[in-house]
Amino acid sequence: MDESEDVPKDFIKLKSEKLSVDEVSELVISPCCGAVSLFIGTTRNNFEGKKVIHLEYEAYMSMAETEIRKICRDVRQKWPSVKHIAVHHRLGVVPVTEASVIIAVSSPHRAESLEAVMYCINTLKASVPIWKKDSSWSLRAYTCAAFRQCGPYYLSIAEQIQS
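Reading the values: rules and limits
- Residues numbered from 1 in each chain as written.
- Predicted model: local features only at pLDDT ≥ 70, side-chain atom pairs only at ≥ 80, totals over all residues.
- Heavy atoms only, no water.
- Helix = DSSP H or I, 4+ residues; strand = E, 2+ residues; numbered from the N terminus.
- Buried < 20%, exposed > 50% of the residue type's maximum accessible area, 1.4 Å probe, protein only.
- Contact = heavy atoms within 4.5 Å.
- Areas by Shrake-Rupley, 256 points an atom, 1.4 Å probe, with all protein chains shown as cover.
- Pairing = 2+ DSSP bridges.
- Axes fitted to C-alpha atoms, helices over the stretch in contact; angles between N-to-C directions.
- Expected span 1.5 Å × (residues − 1).
- Disulfide = S-S within 2.5 Å.
- Left-handed = near helix turned anticlockwise from the far one by under 90°.
- Nonpolar A, V, L, I, M, F, W, Y, C, P; charged D, E, K, R; others polar.
- pLDDT = per-residue confidence, 0-100.

Next up on the list: the overall build of the chain. When you go through the chain residue by residue, the secondary structure sums to five helices and 10 strands. Counting only residues that meet the buried cut, the chain has 42% of its 163 residues in that class. A separation threshold of at least 6 residues defines the contact pool for the chain, and within that pool the share at least 24 residues apart is 71%. As displayed, the chain has an accessible area near 8,700 Å², and 53% of this comes from carbon and sulfur atoms.

This is the structure:
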């Protein structure tokens, strides 16, 4: 690939099918980058002392994609050398050990891509309207901040859940 064709790109996908680490990491590879950093969030078999069989994710799709795009813009402002960013999040049922979210970032050097990946997952959890239910069906939001950004309807749901 000619370096002039290798313009920075963001790859955002919310999907119900199983996520592929290989697919996501391939998206961000660039001949001008020496680092690709990955975060893979998987479903574990326990939460707060309770057995978990699977998680289930729902999203306010258009708003979630918009918020993830904002995160990508913020990354590029904080770490201008970042080349490509991929954020794939699974929706629907995610069994134990399978990936719920995969984030990949490429940059010329490791420090920027590692910091950017950490920023991406922390900000996604704090601000993107994606909700998860554990297998005991108690709905949890990543944070109430995500509900507040969705407006009064979702805020009222969050308040009912927390009470």
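Bringing the sheet that holds strand β1 (residues 9-15) into the picture now. Strand order in the open sheet formed by four strands is β1-β6-β8-β2, and the pairing between neighbours is mixed. Single-partner strands in this sheet number two, and they are β1 and β2 (35-42). Pairwise comparison of adjacent strand axes, ignoring direction, gives a mean angle of 5° for this sheet. Taken together, the eight bridges between β2 and strand β8 (residues 99-107) define a ladder with antiparallel strand orientation. Considered in β8, the bridge of G41 is made with V101. On top of the sheet, helix α1 (residues 21-28) reaches β1, β2, β6 (84-90) and β8; it is set at about 160° to β6, its chief contact. Its contacts with the sheet put helix α3 (residues 110-127) on β2, β6 and β8, and the angle it makes with β8 is roughly 145°.

Another aspect to go through is α3. In this model α3 runs 26 Å from its N-terminal to its C-terminal C-alpha over 18 residues, within 8% of the 26 Å that 1.5 Å per residue would give. Of the positions making up α3, those classed as buried are S113, A116, V117, C120, I121, T123, L124 and S127.

Moving on, we come to the state of the cysteines. Summed over the entire model, instances satisfying the criterion amount to zero disulfides. Lacking any disulfide linkage, C32 is separated from the closest cysteine sulfur, that of C33, by 4.2 Å. With a relative accessible area of 26%, C32 lands in the partly exposed category.

Contact pair helix α2 (residues 61-78) / α3: the axes reach a minimum separation of 10 Å and the direction vectors enclose 145°. α3 is crossed by α2, and the crossing has right-handed handedness. Every residue of α3 that contacts α2 at E67, I68, I71, D74, V75 and K78 is listed here: A116, Y119, C120, T123, L124 and S127. By residue class, the composition of the contact of α2 with α3 is seven nonpolar, two polar and three charged.

For the chain, per-residue confidence averages 86 on the pLDDT scale, and residues scoring 70 or more make up 79% of the total. Here residues 137-148 is a poorly scored stretch, pLDDT under 50, and it has 38 contacts once near neighbours within four places are set aside; other chains count. Here residues 151-163 is modelled with pLDDT under 50, and outside its nearest four sequence neighbours on either side it reaches 11 contacts, counting other chains as well.

Next up on the list: unusual backbone geometry. With a phi angle near 50°, E48 is a residue other than glycine that sits in the positive phi range. Within the secondary structure, E48 sits in the loop between β3 (46-47) and β4 (50-51). The class of E48 is exposed, set by a relative accessible area of 64%. A positive phi angle, near 80°, is found at T97, a position not held by glycine. With respect to the element layout, T97 can be found in the loop between β7 (92-95) and β8. Judged by relative accessible area, T97 falls into the exposed class, the value being 63%.

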